[in-house]
Structures are given as C-alpha cells and as structure tokens.
2 protein chains.
Amino acid sequence: MNPLTRKLERFACLSDDDKSILQHAASSRLRNVEPRCDIIAEGETPRHVNLILSGWACRYKQFEDGRRQIVSFLLPGDLCDLNVFLLRDMDHSIGALSPVTLAQISPEQLRQMLDGNLRLTQALWWETLVTAANYRERIVTVGRRTALERVAHLVCELFHRLSVVGLVGDRGYEMPITQTEMADALGISSVHVNRTLKELRTAELMTWKGGRITILNLPALEDVGLFNPNYLHLDQGGR
Amino acid sequence: MNPLTRKLERFACLSDDDKSILQHAASSRLRNVEPRCDIIAEGETPRHVNLILSGWACRYKQFEDGRRQIVSFLLPGDLCDLNVFLLRDMDHSIGALSPVTLAQISPEQLRQMLDGNLRLTQALWWETLVTAANYRERIVTVGRRTALERVAHLVCELFHRLSVVGLVGDRGYEMPITQTEMADALGISSVHVNRTLKELRTAELMTWKGGRITILNLPALEDVGLFNPNYLHLDQGGR
DNA sequence: CGGTTGATTGATGGTTGTCAATAAGCGTGG
DNA sequence: CCACGCTTATTGACAACCATCAATCAACCG
C-alpha cells in the first residue's frame, strides 16, 4: 500500500474506492530526485502537489550568508501543501536529502479526487492540520528546548511518524541524513549535534550508526525530549 | 469593515454577497476575553472557529517547568484554524494578550458559508496557507536569527500584518504586549529583549514606548531583521 | 500614596558556536 | 585488495551570545 493511504487510514475510514483513487494519484507522473537537489526552489511557481513516495526531503530557507534552517522533514506519505498553487511563488525551497521518488499530482487531478468526496476531502484537511501542528511543535523545539531536548524530541517524532507508514523496524529506522542536516533542522551547530548524540549514546538511550537510528529506551528518550505525541494527532482511530 | 474581509480582499475579489456573508460571520456570537485569560486551553475540544475582531491573542505551549513558547500572534482578522474540529483535542493553548473581542463561528455556519462558494473557499484556503507560511518563518527566526535579527524581524512582520487590517498609523502601531511576551515569542529571555530594544533604539531604527511601536527607518530595520515580506503573500492584488 | 507590575541595568555563568585538527567512513579506480 | 580522495564524524580549545540572578527604577492604578 502506498504511504499516503497508510497514513490517512490512521484518521479516516477509507472505502475501497477512496483507496483506489489515492493509489491512482500516487502512481501518476513519477519523478526521481538525487540527494542535495532541489525539488522546487524558493521563488519558483509550483505546478503540482508533490507526494513523497520514498526517501526523505525537507523544506528549508537559506540566508545569503549561508545560514540555513530546515523547517520540516518530508517523509514517505507526506504531501507538499495542497493548493500551493493558490500562492503565486514558493516562499521556501524543498530539497531532497536522500534519493527521493515522488508523484506529481496536478491541480485538476486533485480537484477530481476531492470533488464530491467528503471523506477524502476531510482526510486531506486532516493532513494539512497535522502539518501545521508539526510546525508549531518545531517552533517550540527551536525556541525553548535545550540541545539535548531537541535531538531527543526529533528522534522521537521521526520514530512515531515513520511508524505510521511502516518504516520502523527492530526498535529503529533508517536515517538518511547527515548531522549537519539535523543541526540545520534543530537550529544548532553540527558540532553540538555531535556532542549531544554522544551524550544520548552514553546514557544508553539511543544510537545512530551506519545511517540507522536505534532507540534503546523510548520512554526515557521521550522524557528527555519533553515529547508528547498529542500534536501528531495519531489517536483518532479512523474516526 | 471587519478585519477579516479587509484581509481577504488582499487576495480575492469578493462580491458584495461574499462580503455580507463574512460580515454576518463576524457578528455572530461575540465573546470578550480579558488579558492573560485563555480563549481555549490545551486538551480542550474546540466547538467553533474563533475570529479575532479586536485585540491581540497568541497561540502558545508551556512546559511543566514554566518555559513557554508563543507560537504565533493572533491579530484582528485572524482565524483560529478552520476545521479545528477535525482534530479531537487542542494540542496547544490560545490566550488573550490584550482585551480581545472575538466572533465564534460554528461548524455548521462555516459549512453554509463555504458551500458552493468557490471564491470564499479559496480565500479561506489562502488564509490557511499564509498561516502555515508564517509558522515556517517563525521557525527560521527562532532557529537561525540572532536576538537582534529576531526583534527587528518581528517588528517588521507585525507592521505589515497590521497594515493590511488598517491598524498602522503614523509610522507605527499599538503594541499591547509586554517584553516578556515578546521574549516568549522569540525564544530569548526578557532581559535580552530589553537590551536588544535598546540597541535598536540607539541605532535610531525604532522605539517602543507607551505601548506603541514607532518605526523610524523601515528599510534599515528590514535589513537588520533579514526581513523579506514574500512569505506574507500580500502581493496578489485581489487575484 | 502605597502596592503591584513591568522596564532597565549590572554582574556573572553557562550553553552553544566557531575554528581547527584528526579520525573514520565510503566510493572509485588502479 | 588496497590506495586515494572526498565527505562526514569526532574531539579539543576558546570565544561569544545569551540566560540567570538581583537590584533599582518607572509606570500605572485604585
């Protein structure tokens, strides 16, 4: 099953028909993007909604002096905002972190999908609202959490989000990014990310080796990161 | 004219009919909230969409140890997310900063407003997308801007946002919050906000006195804050 | 005119950034 | 299989920015 369907089922009770519509969308106009390449850059005009099928991407903004902030990670099953075409230009860039496969959904196709389908419309509204909730939590992270809390919180968040789309196994998940990229997401330096990871390793809470995160003690890690999964809104049991 | 209509006209060409619908919504079920009182608290279940008519509010999250992060400021004309009722519980709180008047729009009322009205639906989608863009910019602010840049950027953002709803006059605007609240929004301490304001005052870029911001040199202040208004998407001229 | 809240300033310390050097990992090609 | 070169990770030394604590001052208010 494609990761978007998997994710939406967490919220809505989808019919076979809904699923086949989603499956159709997920197989349209595939595109592969190499790591470190932009999927779309700030200032460009988006022509379709991108759906991540595999690999990791990120939204980011960069200053002229080189400082960069990763605003969010885009994981399999994530959509780049519905209706982006209502805004003329991109105010940020989206770049691939690992090799990425994505489906490009056209505005017309999206309109057809949603027209008269309340369940799917609501499911995608839910997706949008959860994305906003994620932004809010990230603001809290970079605004008020310490470096240790930031790293722990992010690792927990990714664990839960990847879990929904079936990408968690053996107490961990593939982490196809660099420490520098994690630093850009957390608003700290890569050197400090490194030191912080060492601290979490020493405390036997988690490891990150060979591109894979392993969580040794999830409850303790969540405590350290002041992590409360409520903002992911995953507990609605197909309501 | 109510501030929501004013704001949406920035994006959409509204008919008289649209405007009267909005006016009707803006006059329904008014509620007054005192400063420092929650409009809705984390964990509660929202029953309607709140529209700020006057005064300032904010979304925020607070840790048990007292640390608080203000996620966004809610100004006149701002809506608390459409369709919040799709998410069961609030994952954050909304509190009044100054005396606030708001209209409480019920889900049914909203549905009636939007049903079959593509222009209004799109206008409110635009509102949602701009809110998300605001979140992203705030992540950049707390993640990668220095204290000086943060303060300058926020003052510029508020200037532009308040300008849209007609609350800017004589090179400035009313600022009904404390330095501590600004600190909680910017992820720094109130003491440091104070020192930073002094620096901006000394540089003759702005003043904040008697609850009012005055901008002495907007271009220079925007430069200091690395402020680029593109994320506010205000340049669509009623497209 | 007290009393409370918020603003302002100084002193000090801590978390994190920067710089720089070394080690480790990884893909390519000899 | 190893050598090479590149990227990334790791570690130490030092500096800077910002937090914290605490005291004073100003503003507001009944």
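The present account deals with the structure reproduced in this document. (Residues numbered from 1 in each chain as written. Chains lettered and ligands numbered in written order. Predicted model: local features only at pLDDT ≥ 70, side-chain atom pairs only at ≥ 80, totals over all residues. Heavy atoms only, no water.)

If you trace the backbone, L197 of chain A turns up in helix α7 (residues 190-202). Through-space distance from the C-alpha of L197 of chain A to that of R59 of chain A is 23 Å; in sequence the pair is 138 residues apart. (Helix = DSSP H or I, 4+ residues; strand = E, 2+ residues; numbered from the N terminus.)

With that out of the way, let us pick up the sheet that holds strand β7 (residues 100-105) of chain A. Residue and element names in this part refer to chain A. Here three strands make up an open sheet; going across it, the order is β1-β7-β3 and the pairing antiparallel. The open sheet terminates on both sides in strands that have one partner only, identified here as β1 (30-33) and β3 (49-54). Across the sheet, the mean angle from the axis of one strand to that of its neighbour is 35 degrees, orientation sign disregarded. Pairing analysis gives five bridges linking β3 to β7, with the strands arranged antiparallel. In the strand pairing of β7, S54 is matched with T101. The strands touched by helix α2 (residues 16-26) within the sheet are β1, β3 and β7, with β7 carrying the most contacts at an inclination of about 115 degrees. (Pairing = 2+ DSSP bridges. Axes fitted to C-alpha atoms, helices over the stretch in contact; angles between N-to-C directions. Contact = heavy atoms within 4.5 Å.)

Turning our attention to the protein's contact with DNA strand C. Taken together, 16 residues are adjacent to DNA strand C, and I188 and S189 of chain A together with R36, Q179 and N194 of chain B come closest. Take R195 of chain A: an N or O atom from its side chain is 3.2 Å from a base oxygen of DNA strand C. Between DNA strand C and Q179 of chain B, the relevant distance is 2.7 Å, taken from a phosphate oxygen to a side-chain nitrogen or oxygen of the residue. Secondary structure elements with two or more residues in the surface near DNA strand C: α7 of chain A together with α7 (190-202) of chain B. The element contributing the most residues to the surface near DNA strand C is α7 of chain B, with five residues. Taken together, the residues that form the surface near DNA strand C break down as four nonpolar, seven polar and five charged. (Near = heavy atom within 4 Å. Polar contact = N/O pair within 3.5 Å; in protein donor to acceptor, adjacent residues only side chain to side chain. Nonpolar A, V, L, I, M, F, W, Y, C, P; charged D, E, K, R; others polar.)

Within this structure, the stated rule accounts for zero disulfides over all chains. For C37 of chain B, which is in no disulfide, the shortest distance to another cysteine sulfur is to C58 of chain B and amounts to 12 Å. (Disulfide = S-S within 2.5 Å.)

Moving on, we get to the pattern of salt bridges. Applying the stated rule across the entire model yields 34 salt bridges over all chains. Close ionic contact of D91 of chain A with R136 of chain B constitutes a salt bridge, the shortest N to O distance being 3.4 Å. With D91 of chain A in the loop between β5 (68-74) and β6 (93-96) and R136 of chain B in helix α4 (residues 118-144), the pair connects residues from two separate chains. The two residues D91 of chain A and R136 of chain B agree in class, both being buried. K7 of chain B is the partner of E127 of chain B in a salt bridge, and the nearest nitrogen-oxygen pair spans 2.4 Å. Pair noted here: E127 of chain B is in helix α4 and K7 of chain B is in helix α1 (residues 3-8), with a separation of 120 residues, a long-range link. For the pair formed by E127 of chain B and K7 of chain B, the shared burial category is buried. The network of salt bridges with shared partners includes K7, D78, E127, E157 and R161 of chain A. (Salt bridge = Lys/Arg side-chain N within 4 Å of Asp/Glu carboxyl O. Buried < 20%, exposed > 50% of the residue type's maximum accessible area, 1.4 Å probe, protein only.)

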